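Chains, contacts and geometry: an overview
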Amino acid sequence: MVNLENITQNDYNDIAKLTSLHNVMKYIGNGKTYSSKKVKQFIKYCEIENKQNDKIRTNYYYKIVDNKKFIGIIGFHKMKSKNYYRTTYIHPKHQGKGYFTKSNLILFNKIKKHKPHLKFIISMVHKNNKKMNIIQNKKGIYINTINYSGKLVNQYKITIPEYKKSKKSKITNNKSKKIKRQSSKKIKRQSSKKKSYK
């Protein structure tokens, strides 16, 4: 089962391996792989941010796991603008298996929980990443192309979907409505009987 979990020091080896892969990192930020020092800093910041209050916290990174198996990293974070941006790192051997879509759906719920006022996030995709640009064109709205750290990057607006009520909750709501209607009818009958006795 796919899930998003907080990043801790225990994830160092998995994150170090992932961020050392040029095929992954060439599409992230400035396109450079992480040094051991940067990996440690990244994990340290994640642990600090996990303890922060949502009112001041601006970075939310999670590890993607499938039955405890490390798949990658996904998160949303604030940059220089007021907007929040999404970043995703998925190991090449797990790409093309639906993990991007599944982790995004869970991330949307995280956003709704921690930053409920957000209506959208921005996805930055390197212009030469043809596969991801095709995906984002289908799921988002193209905004513009910018120069980010010397790389041409396309920006897409990704709307955050509203929570969908489960069938179970709908059934529960219908039952409660039915009980309310029945109780209101009972009260009306009782009040009418009292009036007839007078």
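Up top is the structure.
Here goes a summary of the coordinates provided. (Residues numbered from 1 in each chain as written. Predicted model: local features only at pLDDT ≥ 70, side-chain atom pairs only at ≥ 80, totals over all residues. Heavy atoms only, no water.)

1. What to know about the side chain of glutamate 49
Position of glutamate 49 among the secondary structure elements: in helix H3 (residues 36-50). Buried charged residue glutamate 49 carries no salt bridge. Nearest counter-charge: arginine 57, at 5.3 Å. Among the polar contacts made by the side chain of glutamate 49, one reaches the side chain of asparagine 59 at a distance of 3.4 Å. (Helix = DSSP H or I, 4+ residues; strand = E, 2+ residues; numbered from the N terminus. Buried < 20%, exposed > 50% of the residue type's maximum accessible area, 1.4 Å probe, protein only. Lys, Arg positive; Asp, Glu negative; His and termini not counted. Salt bridge = Lys/Arg side-chain N within 4 Å of Asp/Glu carboxyl O. Polar contact = N/O pair within 3.5 Å; in protein donor to acceptor, adjacent residues only side chain to side chain.)

2. Digging into the sheet that holds strand S6 (residues 141-148)
Ordered by their spatial adjacency, 7 strands build an open sheet running S1-S2-S3-S4-S5-S7-S6, and the pairing between neighbours is mixed. Only two strands of the sheet have a single partner each, and these edge strands are strand S1 (2-6) and S6. For this sheet, the mean angle separating the axes of adjacent strands, direction not counted, is 30°. (Pairing = 2+ DSSP bridges. Axes fitted to C-alpha atoms, helices over the stretch in contact; angles between N-to-C directions.)

3. What to know about the packing of aromatic side chains
Tallied over the full model, the rule gives 5 aromatic pairs. Residues tyrosine 142 and tyrosine 156 carry aromatic rings whose centres are separated by 5.9 Å and whose planes lie at 70° to one another, so their mutual orientation is edge-to-face. On the criterion of sequence distance, the pair formed by tyrosine 142 in strand S6 and tyrosine 156 in strand S7 (residues 151-159) is long-range, its members being 14 residues apart. The class of tyrosine 156 is buried, set by a relative accessible area of 2%. Over the ring of phenylalanine 120 we find lysine 157, and its NZ or CZ is 4.6 Å from the ring centre. (Phe/Tyr/Trp six-rings, centres within 6.5 Å; stacked < 30°, edge-to-face > 60°. Lys NZ or Arg CZ within 6 Å of the ring centre and 35° of its normal.)

4. Things to note about helix H4 (residues 99-114)
Helix length check: H4, at 16 residues, gives a terminal C-alpha distance of 22 Å against a target of 22 Å (1.5 Å per residue), a fit within 8%. Regarding H4, the residues found buried are Tyr99, Phe100, Ser103, Asn104, Leu107, Phe108, Ile111, Lys112 and His114. (Expected span 1.5 Å × (residues − 1).)

5. Quick look at the environment of glutamate 162
Here glutamate 162 lies in the loop between S7 and helix H6 (167-197). Not counting residues within four places of it along the chain, the set of residues in contact with glutamate 162 comprises Lys112 and Lys119. (Contact = heavy atoms within 4.5 Å.)

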